[in-house]
Amino acid sequence: MSFNSKKQLSFGDLYQQAKDWAQNDKPQFLEMLDQYLDLSEFIPANFYTAYYKYFGRKREYDLESMLSAFILQKILGIPTLVLLVNIFALSSDLRDFCGFKSIPDISQFSRFKTKFEDHLEDLFYHLVDVTEPLCRKIDPLKSDLFIYDTTGFEPYVTENNPKYINNIIRRLKNIYRNDKNVNIYAFAYQSMPSSAQVNQEIKQLYINGHFCYVYKAGIVTNGLGVIRHISFFDDEFKDNHPEVPVEKKSDSPDEDKSIGDSTSLKPVLEDYFNLHNHHYSTFIADSAFDSYQTYPFLIKDFGFDKAVIPLNSRNTKSDLPQPEYNENGWPLCPKDSSLPMKPNGWCRGKNRSPRFKFVCPKINYKGGKRNCYCEEPCTDSNYGRVTYTYPDQDLRTYPGIIRDTDDWIDLYKKRGVVEQTINYFKDAMVTGNLKTQNLKSIKTDVFLAGITQLLTLILADKMDKPENIRSLRSLIA
């Protein structure tokens, strides 16, 4: 049976919309999908092989039928399998669309998600390749942007119950109610476990203004907001990339996120470009990815012409006067540029780029300690000003584009589309608060959301409505 009975995608509205569609004799969106899309055209052969090997020739449901049901779930924004089954019971049109003579039970849907997660991931990657030339045709400039961000998908665990976190905050407020200098929320962050009790892969994160426990993931879109890559930072990811350091929790959620984000970037890029023979001119991300080691591999290793990343104050002491440099690359005293600072050896900290240390030119050593004798010191430190130079310092300063120019600002504004796509996946396609702890099931839901968006793009192209690549409603109008 062709996907004419199982396709579509984009942004559905909810149960009420599903009910409205089901009450029509032949819902318009089903007619449109039947006319323009054939799902079997996109399913890789190895997915068919695995599915039919598992269920045999006398299977009750075709692979296309099961995929159609899940894609409809994302289109309609149906949050649970229970509700999905109930909606199929309500609508014969939806059953016919999927080719169901009988309705699969909840366990059959659930087993499909966990059994074929790897193949759904492969289907998603295949659709990324199929849609790349379509994106380039729609808008060559926006399609040439590679926009990256990290997020988290919340499983159903005790730690994500608002009462769990609120009880900790309430207790700390009572303890420190007379101390106005205490940051209650920083203390709360420190006192919470770094991972959920049921699974060490479910990590604590502070996102969208609240604490939560999530499966962390990296998301890539282009400038059109079309999904290009999804990567979960699970044990499999870490096994494939042993160079990624084990995350250690500090006192600052912002610092932890910055370090975690920046260390995830290179492995995600390696995975993406190993899967796809694509090229992008411009990389865009927020300041969490600003580090001296980031720019060399973006520009030299992965071939980006420009890296649009705001400077992170974590890497720049903006409250101190910044030194200039002489022709040999030595930093000069910020108060007297005729005085080169003194070299003090290499620093090679773990997970940091090698850097060379320079110290204040007006220092002496007494009792084995460094002391500053400057009459007008530029720092309150008794041992004087310290600064570092990095081998790739110029790439951070000049990452293929002049910072804060109109072009730079205009490009960075486009970073918001990756957040819009993440929010759409979580809200409209209901992957933001899934009622399961199972990682395979959660990954399946997220990849199905990506598959649904990419099928929407294909549908818009077939209907010659490229301006409507992100809205089923506008396609139907």
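Rules behind the numbers
Residues numbered from 1 in each chain as written. Predicted model: local features only at pLDDT ≥ 70, side-chain atom pairs only at ≥ 80, totals over all residues. Heavy atoms only, no water. Helix = DSSP H or I, 4+ residues; strand = E, 2+ residues; numbered from the N terminus. Buried < 20%, exposed > 50% of the residue type's maximum accessible area, 1.4 Å probe, protein only. Contact = heavy atoms within 4.5 Å. Arc of directions from axis to C-beta. Phe/Tyr/Trp six-rings, centres within 6.5 Å; stacked < 30°, edge-to-face > 60°. Lys NZ or Arg CZ within 6 Å of the ring centre and 35° of its normal. Pairing = 2+ DSSP bridges. Axes fitted to C-alpha atoms, helices over the stretch in contact; angles between N-to-C directions. Polar contact = N/O pair within 3.5 Å; in protein donor to acceptor, adjacent residues only side chain to side chain. Parallel < 35°, antiparallel > 145°, perpendicular 65-115°, else oblique. Nonpolar A, V, L, I, M, F, W, Y, C, P; charged D, E, K, R; others polar. pLDDT = per-residue confidence, 0-100. 1 Å grid on protein atoms, 1.4 Å probe; cavity = no way out; pocket = protein on both sides within 12 Å on 5 of 7 lines; lining within 4 Å. Points joined across faces, edges and corners; volume = space filled by probe spheres on them.

**Observations regarding the overall build of the protein chain**
Part 1: Helix and strand counts for the protein chain stand at 18 helices and 12 strands.
Part 2: For the protein chain, with 477 residues in total, the buried portion stands at 51%.
Part 3: When contacts within the protein chain are restricted to residue pairs at least 6 apart in sequence, long-range pairs at least 24 apart make up 70% of them.

**With respect to helix α10 (residues 184-191)**
Part 1: The set of residues buried in α10 consists of I184, A188 and Y189. Take α10 and look down its axis: the buried residues cluster within an arc of 140 degrees, on one side only.

**Observations concerning the packing of aromatic side chains**
Part 1: Tallying each qualifying case throughout the model produces 37 aromatic pairs.
Part 2: With a centroid separation of 5.9 Å and 90 degrees between ring planes, the pair formed by Y54 and F116 is classed as edge-to-face. Highlighted residues: Y54 in helix α3 (residues 45-55) and F116 in the loop between α7 (106-115) and α8 (117-138), separated in sequence by 62 residues.
Part 3: With centroids separated by 5.2 Å and ring planes inclined at 65 degrees, the aromatic side chains of F146 and Y280 adopt a geometry described as edge-to-face. Note that F146 is positioned in strand β1 (residues 145-153) and Y280 in the loop between α12 (253-275) and β6 (282-284), a separation of 134 residues in sequence.
Part 4: By relative accessible area, F146 is classed as buried at 1%.
Part 5: Under the relative-accessibility criterion, Y280 is labelled buried at 1%.
Part 6: For the cation-ring pair, K426 lies above F153, with the distance from its terminal atom to the ring centre recorded as 5.4 Å.

**Things to note about the sheet that holds strand β8 (residues 342-347)**
Part 1: Ordered in space as β8-β9-β12, the 3 strands form an open sheet in which the pairing is antiparallel. Each having just a single partner strand, β8 and β12 (386-389) make up the two edges of the open sheet. Strand after strand, the sheet turns through a mean of 30 degrees between neighbouring axes, direction not considered.
Part 2: The pairing of strand β9 (residues 355-359) with β12 spans 4 bridges and is antiparallel. Within the sheet, the bridge partner assigned to V359 lies in β12 and is V386.

**Observations concerning the side chain of R415**
Part 1: Topologically, R415 is positioned in the loop between α15 (406-413) and α16 (416-426).
Part 2: A polar atom in the side chain of R415 sits 2.6 Å from the side chain of E419.
Part 3: Setting aside residues up to four positions removed in sequence, R415 forms contacts with I147, D149, I284, A285 and D286.

**A closer look at the packing of helix α4 (residues 63-76) against α7**
Part 1: As a packed pair, α4 and α7 sit with axes 11 Å apart at the nearest point and diverge in direction by 95 degrees. Relative to α7, α4 is oriented roughly perpendicular. Residues L63, M66, L67, A69 and F70 of α4 form the contact with α7, whose participating residues are Q108, F109, F112 and K113.
Part 2: Grouping the constituent residues of the contact of α4 with α7 by class yields 7 nonpolar, 1 polar and 1 charged.

**Quick look at the confidence of the model for the protein chain**
Part 1: Predicted confidence across the protein chain gives a mean pLDDT of 84, with 84% of residues reaching 70 or more.
Part 2: Ranking the elements of the protein chain by mean pLDDT puts helix α1 (residues 15-22) last with 45 and β6 first with 98.
Part 3: A low-confidence stretch, residues 1-19 (pLDDT under 50), is modelled with 95 contacts involving residues beyond four sequence positions or located in other chains.
Part 4: Here residues 21-26 scores under 50 on pLDDT; set against residues more than four positions off or in separate chains, the count is 13 contacts.

**Some words on empty space enclosed by the protein**
Part 1: Applying the stated rule across the entire model yields 1 cavity of 30 Å³ or more.
Part 2: Its volume calculated, the largest cavity comes out at about 60 Å³.
Part 3: Split into classes, the residues belonging to the lining of the largest cavity amount to 6 nonpolar, 2 polar and 4 charged.

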